[in-house]
Amino acid sequence: MAEAKAEALVKYRDAYAEMERIATEALRKSEARAERLEAAVAILEDALQEAGDDYPGSSMQQWCQQQVKAARAALKGDDHD
């Protein structure tokens, strides 16, 4: 009986370790993806800023500024409607 309990505990420990490994890998991938998305948004922010600056005071510049603001809010998780 004690041997069966010990075997069950070993299986439980191994299963827990595997779940922890899988969760850690998923978190690492998620964090890497978030970093890539933030870099992509920064590139687009720069492009919109540059395009808007070509037309100072125009509706194009206003639209570009709104898009940059919406992108930043989306990254932070804010409502950007």
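Before reading on, note that the structure itself is shown above.
Residues numbered from 1 in each chain as written. Predicted model: local features only at pLDDT ≥ 70, side-chain atom pairs only at ≥ 80, totals over all residues. Heavy atoms only, no water.

Moving on, we get to the overall build of the protein chain. The number of helices and strands found in the protein chain is 2 helices and 0 strands. Against the compact-globule benchmark of 12 Å for 81 residues, the protein chain has a radius of gyration of 24 Å, which places it well outside the compact range. Seen through its C-alpha atoms, the protein chain measures out along the principal axes to roughly 80 × 20 × 10 Å. Considering the protein chain as a whole, with its 81 residues, one finds that 11% of them fall into the buried category. Carbon and sulfur atoms form 57% of the exposed surface of the protein chain, whose accessible area is close to 6,900 Å². Within the protein chain, one finds 11 positive and 17 negative side-chain charges whose respective centroids are separated by 8 Å. (Helix = DSSP H or I, 4+ residues; strand = E, 2+ residues; numbered from the N terminus. Rg over C-alpha atoms; globule rule 2.2 N^0.38 Å. Buried < 20%, exposed > 50% of the residue type's maximum accessible area, 1.4 Å probe, protein only. Areas by Shrake-Rupley, 256 points an atom, 1.4 Å probe, with all protein chains shown as cover. Lys, Arg positive; Asp, Glu negative; His and termini not counted. Charge placed at Lys NZ, Arg CZ, Asp CG, Glu CD.)

With that out of the way, let us pick up the pattern of salt bridges. Under the counting rule described, the total for this entry stands at 4 salt bridges. With a shortest N-O distance of 2.6 Å, Arg28 and Glu25 are connected by a salt bridge. With a gap of 3 residues between them, Arg28 and Glu25 both fall in helix α1 (residues 2–53), about one helical turn apart. With relative accessibility at 29%, the residue Glu25 sits in the partly exposed group. (Salt bridge = Lys/Arg side-chain N within 4 Å of Asp/Glu carboxyl O.)

With that settled, the discussion passes to a nonpolar patch on the surface. A surface patch of nonpolar side chains, amounting to about 400 Å² of accessible area, comprises Tyr12, Tyr16 and Met19. Judged by its relative accessible area of 55%, Met19 is exposed. (Patch = residues over 30% accessible without salt bridge, like charges linked within 9 Å, V, L, I, M, F, W, Y side chains within 5 Å.)

Compared with an ideal rise of 1.5 Å per residue, which puts 18 residues at 26 Å, helix α2 (residues 59–76) spans 26 Å between its outermost C-alpha atoms and is within 8% of the ideal. Where α2 is concerned, the buried positions are Gln61, Cys64, Val68, Ala70 and Ala73. Looking at the buried residues of α2, the elements they touch are α1. Residue Ser58 occupies the N-cap position of α2, its side-chain oxygen lying 3.2 Å from the main-chain nitrogen of Met60. Looking one or two places after α2, you find Gly77, whose phi comes out positive at around 90°. (Expected span 1.5 Å × (residues − 1). Contact = heavy atoms within 4.5 Å. Polar contact = N/O pair within 3.5 Å; in protein donor to acceptor, adjacent residues only side chain to side chain.)

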